Amino acid sequence: MKPRRRLTASLSSALVFVAVLTAWVLFAPPQLGGQTSYVIINGNSMEPGMHRGDLAIVREADRYETGDVVTYQHPQIGPVIHRIIGRDGARYVFQGDHNDFIDPYHPTQDELIGELWVHVPGFGSWLARFRHPVYMFGLLFVAFIGLGGAAAKKQAGKTGRAGRLANHAPTGAENTGGQPMNQMLRNWQDTVSVLAAAGVALIGLGWVAFNRPTHHDVPANIPYSQSGTFAYSAVPADGRVYDTGLATSGEPVYRRLSDQVAFRFEYLLGSQKTLSAAGSYRMVAELGDQNGWRRTMELTPETAFEGKKFTAEGTLDLAEAQTLISILEEQSGVKNEKYSVTIRPEVTVGGAVGGTPFDDTFKPELAMDLDKLQLKMDRRSDEKDPLNPRLDGMVNTLETKSTTIKLLMISLPVSAARAISVAGLGLLLAAAGLLTVAAVNQGRSPSESSLGPGRKLRTPLVNVRGSVPTPGSTRVIDVASLDDLGRIAARLGAVVLQEARPGYHAFFVNDLEVTYRFEAEGTADEHSTEPKITRRVA
């Protein structure tokens, strides 16, 4: 193969490899390590832009803005492709272009599959056919036949090449023609193609990396919690009624023995992030009946606090509560067997969680029943642990993250991609420089200069001890010049055999059943490989 044709073939192979790799990076699905998903439109919610049977190709994005057409994963329906019309905290609000209603489900960023990248009208219906087993089997059969034919052709090429090279191998030859040619220089076309392919890949990586920011903001939720602990106690007239001598949390308070009940509420604000808070609180007892009557008794006046915790304390006077109940019964004529007593702290808090401001309230309730004999906890309450209420909250903010480039199974930070592209291009330039210097030095090697003044033979030269074997069946063709012999050797990829002895000096190239020869007229010294060359015509 001629050098130019070989270089063209090597560069073509390198470009095909780069094209295949680029296509893989751009279009590989998440199941194979990519970031591209394919959605077939099944409804009319996005008309007139997209219709049933169209194919939507979506890609993962670092951030999503209002107005973007995005596919998200609905927990019951599956993939849904609609347009973002707003935000609800850390969740996105969607609506179809053809719909007159907002999507009831608001996904988080983790549930977003990707933003619309390419829209192919009608292609989805055609693509859906290949889900049928018959089409899938046919596609696999064609692919199998194609791969088998390519493998057979490649194996046949290897066999022919091996036989050809075997016929070129000289017997009893010794390389004494000087410095051997570097393998990288002998196959310089392949080396150039590899460097070119690497250069194209690094340039593409650098173009993508330098056109993306190194960091971006994404919605983030910072959780925090408000919790508390209720406790109450009452001092009875006769302590023998209780194990501890007191009525404590969970036990009934008998009105014959106690007129006052002390309530206590311990508040705690918690978060894994740094937290600063301040606010105010008060604690009340609310009397009520089943008809909706309400009267409020203040147990703890409004009090300011600072920090993550406080303790509220107050005393409920059962005699005062009975007075309010008596006024209701006397004035209304309605008498109830029991009344409800709800102990409720009312907390207003504000501050910052993880550096993000927040404001919230916390109003837990401890439900109790009051009748003529006792005050006791309401065991019918829906609270699993009524003495330890808890309320979880969330602060919506933006979190700065490193922008990444996903290459197959690897997520590469943009900053690292920039460094790799710049450093890689620098190394490629250095390698190209070294290759050039090596090629220049190789051109000045003894194997070329030993042919005599003005002679250049850019093929491997092997000196032979004794005579070059030329079997009787081999046809010998004399060529006109050493340059012609060198071109034949380069075309065949063969070595040049040099036979030098007193009175005879010749050069040979063997090609299967043909031997090409150039005889240099004159004699050669026993210790010199430099011929006395005169022009000879075959």
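Residues numbered from 1 in each chain as written. Predicted model: local features only at pLDDT ≥ 70, side-chain atom pairs only at ≥ 80, totals over all residues. Heavy atoms only, no water.

Enquirer: Explanation requested: the sheet that holds strand β1 (residues 36-40) in the structure shown.
Expert: The strands that make up a sheet are held in pairs by hydrogen bonds between backbone atoms, and each pair lies either parallel or antiparallel. A sheet is described by the order of its strands in space; here six strands give the open sequence β1-β2-β6-β3-β4-β5, paired in antiparallel fashion. A single partner strand is all that each edge strand has here, and the edge strands are β1 and β5 (91-95). Strand after strand, the sheet turns through a mean of 50 degrees between neighbouring axes, direction not considered. Note that strand β3 (residues 69-74) and strand β6 (residues 112-120) share three bridges and pair antiparallel. (Pairing = 2+ DSSP bridges. Helix = DSSP H or I, 4+ residues; strand = E, 2+ residues; numbered from the N terminus. Axes fitted to C-alpha atoms, helices over the stretch in contact; angles between N-to-C directions.)

Enquirer: What is the right way to look at helix α6 (residues 318-332) in this model?
Expert: Working note: α-helix, 3.6 residues per turn, so residues spaced by three or four point in the same direction. Counted at 1.5 Å a residue, the expected span for α6 with its 15 residues is 21 Å, and the 21 Å between its end C-alpha atoms agrees. Among all positions in α6, only L318, A321, L324, I325, L328 and E329 are buried. Along the long axis of α6, the arc covered by the buried residues comes to 135 degrees, so they all point the same way. Structural note: α6 exposes E330 and Q331 on the side pointing more than 90 degrees away from its buried face. Taking the backbone nitrogen of A319 as reference, a side-chain oxygen 2.9 Å away marks D317 as the first, capping residue of α6. Directly after α6, the chain includes G333, whose backbone phi takes a positive value near 80 degrees. (Expected span 1.5 Å × (residues − 1). Buried < 20%, exposed > 50% of the residue type's maximum accessible area, 1.4 Å probe, protein only. Arc of directions from axis to C-beta. Polar contact = N/O pair within 3.5 Å; in protein donor to acceptor, adjacent residues only side chain to side chain.)

Enquirer: Honestly, the packing of aromatic side chains in this entry has me stumped. Any pointers?
Expert: The relation between two aromatic rings is expressed through the spacing of the ring centres and the mutual angle of the planes. Considering all chains together, one arrives at 13 aromatic pairs under this definition. Centroid distance Y281 to F310: 4.0 Å. Interplanar angle 5 degrees. Geometry classified as stacked. You can see Y281 sitting in strand β12 (residues 275-288) and its partner F310 sitting in strand β14 (residues 309-317), a full 29 residues away along the chain. F310 carries the same exposure label as Y281, and that label is buried. Relative to F310, the ring of F305 lies with its centre 4.7 Å away and its plane at 45 degrees, an arrangement referred to as tilted. Here the two residues F305 and F310 agree in accessibility, since each one is buried. What links up through ring pairs into an aromatic cluster is the set F230, F265, Y267, Y281, F305, F310 and F362. (Phe/Tyr/Trp six-rings, centres within 6.5 Å; stacked < 30°, edge-to-face > 60°.)

Enquirer: What exactly am I supposed to notice about the side chain of N336 here?
Expert: Within the secondary structure, N336 sits in the loop between α6 and β15 (338-353). Under the relative-accessibility criterion, N336 is labelled buried at 12%. Once you skip the residues sitting within four places of it in the chain, N336 turns out to touch D289, Q290, N291 and E329. (Contact = heavy atoms within 4.5 Å.)

The quantities given are spatial measurements derived from coordinates; they are silent on function.
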